[in-house]
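One-letter residues, chain by chain:
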Amino acid sequence: PDPEVERLENLLGGFRHNRPAPKFPQIEPQRKRVWSLAWWASGPRLVAVAAAFALVVAGSWYTWRLTRPAWDVERVAGTPKVGTSWIASTGRLGVGQWLETDGSSRAKIAVGMIGEVEVEPNTRIGLVRAQATEHRLSLERGTMRATIWAPPRLFVVDIPSAVAVDLGCKYTLQVDLSGAGLLHVTYGWVGVEQRIGNAKVESFVPAGAMAATRPGAGPGTPYYE
């Protein structure tokens, strides 16, 4: 099972209903059923039922917000935003959300407890997965600088033309509007891979080297500056 789903099931297990299902007597006359519905729909009772329903919905939403994985985001410059909310000083990037910067904005993402990612101007980046076994971002466009101190293959970044897999490193990753990317490794190694048809194209980029990626072609041969 998915570890995150299993964790949520365990958290919610304490609220499981463990009493036998109530037995509802059959209501023969149709008019009695109508009378019962009318009784529940009366003013005070209807308000009470609506209020109870609202409390359940609000409680479920609040619990979901508390348990949903999210990473801390720090504003470095300008007005970066998560979704439609501007980050005044610090914020949270949840799974499925996007962080965007304009031409004068910069931000920093804490990658759980294994590293950090600096987000440069004109960038759109999203959190795909935040689990103990996988930390995954998606860089749609722009530039990010990652510094990771974790075992290999724990931090992954999807880009339109490839997947960058951290092997314990520090690197810069750029994506242009066409989906093409450019990886520059300054420390350690980064594996870049993409599946083209039935073939898996891989490129392992060492410190001091670069590699380009193109949609439909995957990663190219690493080269030194």
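So, here is what we can say about the structure in this document. (Residues numbered from 1 in each chain as written. Predicted model: local features only at pLDDT ≥ 70, side-chain atom pairs only at ≥ 80, totals over all residues. Heavy atoms only, no water.)

1. Let's talk about the pattern of salt bridges
Argument step 1. Scanning all chains against the criterion turns up 14 salt bridges.
Argument step 2. One salt bridge in this structure joins Arg92 and Asp72, with 2.7 Å as the shortest N-O distance. A residue pair is termed long-range when its members are at least 10 positions apart, and Arg92 in strand β4 (residues 90-94) and Asp72 in strand β1 (residues 70-77) qualify at 20 residues.
Argument step 3. You can call Arg92 partly exposed: its relative accessible area is 47%.
Argument step 4. Given the relative accessible area of 43%, Asp72 is considered partly exposed.
Argument step 5. Residues Lys200 and Glu193 are paired through a salt bridge, measuring 3.8 Å at the closest nitrogen-oxygen approach.
Argument step 6. Put simply, Glu100, Arg124, Glu140 and Arg141 are held in one network by salt bridges that share partners. (Salt bridge = Lys/Arg side-chain N within 4 Å of Asp/Glu carboxyl O. Helix = DSSP H or I, 4+ residues; strand = E, 2+ residues; numbered from the N terminus. Buried < 20%, exposed > 50% of the residue type's maximum accessible area, 1.4 Å probe, protein only.)

2. Section: the pairing of strand β6 (residues 106-111)
Argument step 1. Judged by which residues are buried, β6 turns out to be one-sided: Ala107, Ile109 and Val111 face inward and are buried, whereas Arg106, Lys108 and Ala110, on the alternate face, are not.
Argument step 2. Pairing geometry for β1 and β6, over four bridges, is antiparallel. Bridge pairing in β6 links Val73 to Ile109.
Argument step 3. Bridge count between β6 and strand β7 (residues 115-119): five bridges; the pairing is antiparallel. Looking across to β7, one finds that Lys108 is bridged to Glu118.
Argument step 4. Turn length for the β6-β7 hairpin, with the two strands adjacent in sequence and antiparallel, is three residues, and the turn residue Gly112 shows positive phi of about 55°. (Pairing = 2+ DSSP bridges.)

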